[in-house]
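The chain contents come next:
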Amino acid sequence: MRQFLTAVALLAAAVVPAKAADQSRVEAIVSERCSLCHGMKGDSVSAVFPRLAGQHWEYVAKQLAEFKSGKRKSETMQPQAENLTPAEMQALGKYFESKQVPGRQIRDAELLGVGKYIFQRGNPFSGLPACASCHGDNGHGTAQLPRLAGQHPRYTEEQIKQFNTRERNNDNAVMHTVASKLTELETHAVAAYIATLD
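Residues numbered from 1 in each chain as written. Predicted model: local features only at pLDDT ≥ 70, side-chain atom pairs only at ≥ 80, totals over all residues. Heavy atoms only, no water.

Now for the overall build of the protein. Broken down by element type, the protein carries 9 helices and 0 strands. The order of helices and strands in the protein, counted from the N terminus, is α-α-α-α-α-α-α-α-α. Per-residue burial for the protein yields a buried fraction of 39% across its 198 residues. If you take every contact in the protein between residues at least 6 apart in sequence, the share linking residues at least 24 apart comes to 67%. (Helix = DSSP H or I, 4+ residues; strand = E, 2+ residues; numbered from the N terminus. Buried < 20%, exposed > 50% of the residue type's maximum accessible area, 1.4 Å probe, protein only. Contact = heavy atoms within 4.5 Å.)

What follows is the structure in structure tokens.
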């Protein structure tokens, strides 16, 4: 029994440094590759780059894999993802998922009213479904569908436009149809509303 307990203790001691090494590897990748655009905590200060904090790890890992394979096109992201292993992609996803991102304040109450309506109810006159029907009432998404809450309005608008023109063709089976029904005002308004969600 004593030998068994000693073996268990040795195994436990061996596991702790491995976890620490994994975490230090992830932090090194974030520092070397991710932080310039997305920030160390996934809270990008530039509206051009998405906020990754709070995003589902499965979704982050999937997007990294699709950047690597070329299924999702990006001259910026493809080289960043090209030598990441699936385990590193998952670890990066978990790293960013553990971070928090607060909603932003938008001053235009009337625009937010339009955005809230579109997000929660869609537009029955054009056949536009509510964003909340897939992404949830608070925009938190699922493992398969991205968290939208707190995202930069400009980034959200750009992704909607890319879905509409099929410039972004991954995850596009549903989003092309949705994006094609949004007017420019609705797109602008719903992106502003999404930014305010926590």
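Once that is clear, we can look at the packing of aromatic side chains. A complete count under the given rule lists 2 aromatic pairs for this structure. Centroid distance Y95 to F96: 5.1 Å. Interplanar angle 85 degrees. Geometry classified as edge-to-face. Like F96, Y95 is buried. Seen in terms of ring centroids, F119 and Y193 are 5.6 Å apart; in terms of plane orientation they differ by 55 degrees. Their pairing is tilted. (Phe/Tyr/Trp six-rings, centres within 6.5 Å; stacked < 30°, edge-to-face > 60°.)

Here helix α7 (residues 153-165) spans 19 Å end to end across 13 residues, near enough to the 18 Å set by a 1.5 Å rise per residue. Contacts from the buried residues of α7 go to α8 (172-181) and α9 (184-196). At the exit of α7 stands R166, carrying a positive phi of roughly 65 degrees. (Expected span 1.5 Å × (residues − 1).)

Bringing the packing of helix α2 (residues 57-69) against helix α4 (residues 86-97) into the picture now. Two elements in contact, α2 and α4, have axes whose closest approach is 7 Å; the angle formed by their N-to-C orientations is 135 degrees. In terms of their interaxial angle, α2 and α4 are classed as oblique. In terms of crossing hand, the pair formed by α2 and α4 is right-handed. Packed against α2, whose contacting residues are W57, V60, A61, L64, A65 and K68, the element α4 presents M89, Q90, L92, G93, K94 and E97 at the interface. Its residues placed into classes, the contact of α2 with α4 shows 7 nonpolar, 2 polar and 3 charged. (Axes fitted to C-alpha atoms, helices over the stretch in contact; angles between N-to-C directions. Parallel < 35°, antiparallel > 145°, perpendicular 65-115°, else oblique. Left-handed = near helix turned anticlockwise from the far one by under 90°. Nonpolar A, V, L, I, M, F, W, Y, C, P; charged D, E, K, R; others polar.)

What follows is about the side chain of Q162. By secondary structure assignment, the location of Q162 is in helix α7. When sequence neighbours within four positions are dropped, the list of residues in contact with Q162 reads E167 and R168.

Within the fold, E186 resides in helix α9. A distance of 2.9 Å separates a polar side-chain atom of E186 from the backbone nitrogen of T183. (Polar contact = N/O pair within 3.5 Å; in protein donor to acceptor, adjacent residues only side chain to side chain.)

In the contact formed by α7 and α8, the axes pass within 8 Å of each other and the chain directions differ by 100 degrees. By the angle between their axes, α7 is roughly perpendicular relative to α8. Here I160, F163 and N164 of α7 lie close against α8, whose contacting residues are N172, M175, H176, A179 and S180.

Quick look at the pattern of salt bridges now. Evaluation of the coordinates by the stated rule reveals 6 salt bridges. With its nearest N and O atoms 3.8 Å apart, the salt bridge here joins E66 to K71. Its relative accessible area of 47% is what places K71 among the partly exposed residues. One salt bridge in this structure joins R168 and D171, with 3.5 Å as the shortest N-O distance. For R168, a relative accessible area of 6% gives the class buried. With relative accessibility at 30%, the residue D171 sits in the partly exposed group. (Salt bridge = Lys/Arg side-chain N within 4 Å of Asp/Glu carboxyl O.)

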